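# Secondary and tertiary structure notes
Here is how the chains run, residue by residue.
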Amino acid sequence: QVQLVESGGGLVQAGGSLMLSCAASGRTFSSYRMGWFRQAPGNEREFVAAITSSGGSTYYADSVRSRFTISRDDAKSMTYLQMSSLKSEDTAVYYCAAAIARVVSVSRGYDYWGQGTQVTVSS
């Protein structure tokens with residue numbers, strides 16, 4: 001069982017930066033692949049980024065590649081999403097998720113989800 005709590009969301013101007021954090025509880029955090037998803041009003045939840053359990057590989061949606069960076073600190077049971085050059089279209093609720101399976105972008109492949117944190121980018 002893993003519980004996830006996101007933090008770090010807020011209001012930022014276009015072009016700015018923000019770092020989201022995801023704190024995980026549970027003794028087997030290092031075994032999980034971690035992902036970030038987002039959902040804007042009226043839209044489906046979409047994949048943003050993922051990192052393997054070893055941290056050796058990262059994956060990004062085309063819309064955020066080169067602007068966002070996912071990382072993890074297994075010693076602290078934390079996952080991060082560093083966001084830069086933010087655009088108004090990045091406005092959404094951002095969710096942290098954990099998966100045992102070797103899933104990347106398919107949300108139903110993730111086993112545990114946080115409650116989400118709101119990111120609003122003003123233009």
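For the structure given in this document, a descriptive report is provided here. Numbering of residues begins from 1 in every chain and follows the order in which that chain's sequence is written. Given that the model is predicted, a residue must reach a pLDDT of at least 70 before its local features are reported, and side-chain atom pairs must reach 80 or more before they are shown or counted; all residues, however, enter totals for whole chains, interfaces and linings. Water and hydrogen atoms play no part in the side-chain values, which are based on all heavy atoms of the structure.

### Quick word on the pattern of salt bridges
Put simply, the rule reads: By convention in these notes, a salt bridge is any Lys or Arg side-chain nitrogen within 4 Å of a carboxyl oxygen on Asp or Glu. Counting from the N terminus, the helices are the DSSP runs of H or I reaching at least four residues and the strands are the DSSP runs of E reaching at least two. Exposure is judged per residue with a 1.4 Å probe applied to protein chains only, and the accessible area is read against the type maximum: over 50% gives exposed, under 20% gives buried, and values in between give partly exposed.
Inspection of every chain in the model, using the stated rule, returns five salt bridges. Across the salt bridge formed by D90 and R38, the nearest N and O atoms sit 2.9 Å from each other. One end of the pair, D90, is in the loop between β8 (78-83) and β9 (92-99); the other, R38, is in strand β4 (residues 33-39), with 52 residues separating them in the sequence. In this structure R38 comes out as buried when scored by relative accessible area, which is 6%. For D62, the salt bridge goes to R65, with nearest N and O atoms at 2.9 Å. The class for D62 is exposed, based on a relative accessible area of 67%. Looking at R65, the relative accessible area reads 42%, which means it is partly exposed.

### Thoughts on the packing of aromatic side chains
Stated precisely, the cut-off is as follows: Pairing of aromatic side chains requires ring centres within 6.5 Å, counting the rings of Phe and Tyr and the six-membered ring of Trp. Pairs whose planes differ by under 30 degrees are stacked, by over 60 edge-to-face, and all others tilted.
Scanning the entire structure with this criterion turns up five aromatic pairs. Between the aromatic rings of F37 and F47, the centroid separation amounts to 5.7 Å while the plane-to-plane angle is 70°, which identifies the pairing as edge-to-face. Of this pair, F37 sits in strand β4 while F47 sits in strand β5 (residues 46-51), and the two are ten residues apart along the sequence. Both residues of the pair, F37 and F47, count as buried. On the numbers, 5.1 Å between centres and 80° between planes, the contact of F37 with Y110 is edge-to-face. With F37 in strand β4 and Y110 in the loop between β9 and β10 (112-113), the pair connects residues that are 73 residues apart, well separated along the chain.

Worth remembering: the numbers are spatial, not functional.
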